[in-house]
Amino acid sequence: MSRKVYADNAATTAVAPQVLEAMLPFYKEVYGNPSSLYSLGQEAKKPLEEAREAVARCLGAQPREIYFTSCGTESDNWAIKGAAHAMKKKGKTHIITSAFEHHAVLHTCQALEKEGFTVTYLPVHENGIVRPQELEAAITEETGLVTIMYANNEIGTLQPIPEIGAICKKHGVLFHTDAVQAVGNVPIDVKEQNIDMLSLSGHKLHAPKGVGALYIRSGVSIQNYMDGGAQERGKRGGTENVASIVGLAAAMERACATMEERRVKLTAMRDKLIDGLLKIPRCRLNGDWERRLPGNVSFCFQGVEGESLLLMLDLKGISASSGSACTSGSLDPSHVLLALGLPHEVAHGSLRLSFGDYNSMEDIDYILEVLPPIIERLRSMSPLWDAIQQGKVNYDPYM
Ligand SMILES: *Cc1c(COP(=O)(O)O)cnc(C)c1O
């Protein structure tokens, strides 16, 4: 029997048992609407506010700066569209982002371009990192918003967020970061890092799907995205998803309290995997070697089709991804890998392996045992690999 290895924690994670445990009472007994005045409703209100305090604590924010949403995508949409529509009233119509944001940010920026906003997509270079000096040079009189992700979901690279925050502060430009992959994995302090808005999502950190949050620094005024009742201080209508919000808070508290031990464990696993896989010829690690998330690695194997690789790994019980879950189903290589400057053919041979709390070193050993023969097998059937071997197609061996 083959092992089961879930190596796609950047796509979603399993709900932690303690998180589920914390949520259950809010389905069974404490099911009241926190806006209702009778006791059953008010019983749900206190845990909701305690969850807000816990989320705020993990980010170095104030509880009143935390707004619960339905997901990371909603938080990104709200932050970016809400800020854009507010800044337009002050005559500002320019937004700066990066070329390799998650689609929740990229497609939101593209929608705003159709409304007449101008957007600069900063290059991320071969190492997958935005250069602060290029960001500063892109700021004009019209710039009202910068949105740069904290950690990339496909290749795991960490952006220079404190430097970017300082530049935005200096120029009086709002700074939003999509920190969905970073929260719970790297230390975040929104005050120290000059972050005005931050998006996060539950299901990337062992909380359930369908819950997220947006931090909005007090004093920052953006337009509503969800109009409705008076929930979330009138800024985000909709009856609060109390059980999931309690789960999100429990997961964040757990992640923040155990960050260092998890970092040590995941980094050791990640680095063993990198060392092992780089022995395969014409294999490349995507993105900066040091400035990356503890549990995320992305490779390209020349002469290999990412999709075939995923299917063969699946047969061996390994769940992985060739990039973002959101781009699978399209034949184009990932915009993230193209933004690194990789040729299409190389970008097609990508594999992302991402680890979480329920992975172990044995998973790494199993991947290292199973993956190299699969690559060899796929290459033995690949006309592109033949052409590379015969020198008819010439890619940098490290590309
Ligand atoms: C998963 C993800 C999102 C979207 O979050 P959802 O809760 O799935 O909507 C946004 N940004 C990044 C970087 C992500 O990894």
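Residues numbered from 1 in each chain as written. Predicted model: local features only at pLDDT ≥ 70, side-chain atom pairs only at ≥ 80, totals over all residues. Heavy atoms only, no water.

Colleague: Please clarify how the site of the ligand should be interpreted in this entry.
Modeller: The ligand sits among 13 residues. The nearest are T73, D178, Q181, S201 and K204. Interatomic distance of 2.6 Å between a side-chain N/O atom of T73 and an oxygen atom of the ligand. Interatomic distance of 2.6 Å between a side-chain N/O atom of D178 and a nitrogen atom of the ligand. Against a free-state accessible area of 380 Å², the protein chains account for coverage of 90% of the ligand. In terms of residues, the shell around the ligand owes the most to one element, helix 4 (residues 72–88), which gives 3 residues. (Near = heavy atom within 4 Å. Polar contact = N/O pair within 3.5 Å; in protein donor to acceptor, adjacent residues only side chain to side chain. Areas by Shrake-Rupley, 256 points an atom, 1.4 Å probe, with all protein chains shown as cover. Helix = DSSP H or I, 4+ residues; strand = E, 2+ residues; numbered from the N terminus.)

Colleague: Even after reading the chapter, I still don't get helix 5 (residues 103–114), so can you show me in this structure?
Modeller: Because each turn of an α-helix spans 3.6 residues, side chains separated by three or four positions in sequence point in the same direction. Spanning 12 residues, helix 5 covers 16 Å between terminal C-alpha atoms, matching the ideal 16 Å at 1.5 Å per step. Once helix 5 ends, the next one or two residues include G116, with phi positive near 110°. (Expected span 1.5 Å × (residues − 1).)

Colleague: Got a minute to help me understand the sheet that holds strand 10 (residues 296–301) in this structure?
Modeller: For sheets, the rule is that strands pair by backbone hydrogen bonds, running either parallel or antiparallel. Taking strand neighbours across the sheet as the criterion, the 3 strands line up as 9-10-12 in an open arrangement whose pairing is antiparallel. In this open sheet, the two strands that pair with only one neighbour each are strand 9 (283–285) and strand 12 (350–354). In this sheet, neighbouring strand axes are inclined to one another by 25° on average, regardless of whether the strands run parallel or antiparallel. Here strand 9 runs beside strand 10; their pairing, made up of 3 bridges, is antiparallel. Its bridge partner lying in strand 10, L285 is registered against F299. The sheet contacts of helix 9 (residues 259–277) involve strand 9, strand 10 and strand 12, and relative to strand 10 the element is tilted by about 10°. (Pairing = 2+ DSSP bridges. Axes fitted to C-alpha atoms, helices over the stretch in contact; angles between N-to-C directions. Contact = heavy atoms within 4.5 Å.)

Colleague: What am I meant to see in unusual backbone geometry here?
Modeller: Backbone phi values are negative for most residues with the exception of glycine, while trans is the configuration of most peptide bonds. Phi at H206 takes a positive value of approximately 70°, unusual for a residue other than glycine. Structurally, the position occupied by H206 is in the loop between strand 7 (197–201) and strand 8 (212–216). At R233, a residue that is not glycine, the phi angle is positive and equals roughly 50°. Inspection of the secondary structure assignment puts R233 in the loop between strand 8 and helix 8 (242–257).

Colleague: Help me out: how do you make sense of the pattern of salt bridges in this one?
Modeller: Between side chains of opposite charge, a pair can form as their charged atoms come close. Counted by the stated rule, this structure contains 18 salt bridges. For the salt bridge of R217 with D196, the shortest nitrogen-to-oxygen distance reads 3.0 Å. Highlighted residues: R217 in the loop between strand 8 and helix 8 and D196 in the loop between strand 6 (174–178) and strand 7, separated in sequence by 21 residues. Accessibility assignment for this pair places R217 and D196 in one class, buried. R262 is the salt-bridge partner of D357, the closest N and O atoms lying 3.6 Å from each other. Placement of D357 in the loop between strand 12 and helix 13 (361–380) and of R262 in helix 9 is noted, with a sequence separation of 95 residues between them. In terms of burial, D357 and R262 fall into one category: buried. (Salt bridge = Lys/Arg side-chain N within 4 Å of Asp/Glu carboxyl O. Buried < 20%, exposed > 50% of the residue type's maximum accessible area, 1.4 Å probe, protein only.)

Colleague: Hey, could you run me through the packing of helix 3 (residues 39–59) against helix 8 in this one?
Modeller: When two helices pack together, their arrangement is captured by the angle between the axes and the distance separating the axes. At a closest axis distance of 9 Å, the pairing of helix 3 and helix 8 adopts a crossing angle of 30°. Classed by the angle they form, the pair helix 3 and helix 8 counts as roughly parallel. Viewed along their axes, helix 3 and helix 8 form a crossing whose handedness is left-handed. Contacts between helix 3 and helix 8 involve A44, P47, L48, A51, A54, V55, R57, C58 and L59 from the former and V242, I245, V246, A249, M252, E253 and C256 from the latter. (Parallel < 35°, antiparallel > 145°, perpendicular 65-115°, else oblique. Left-handed = near helix turned anticlockwise from the far one by under 90°.)

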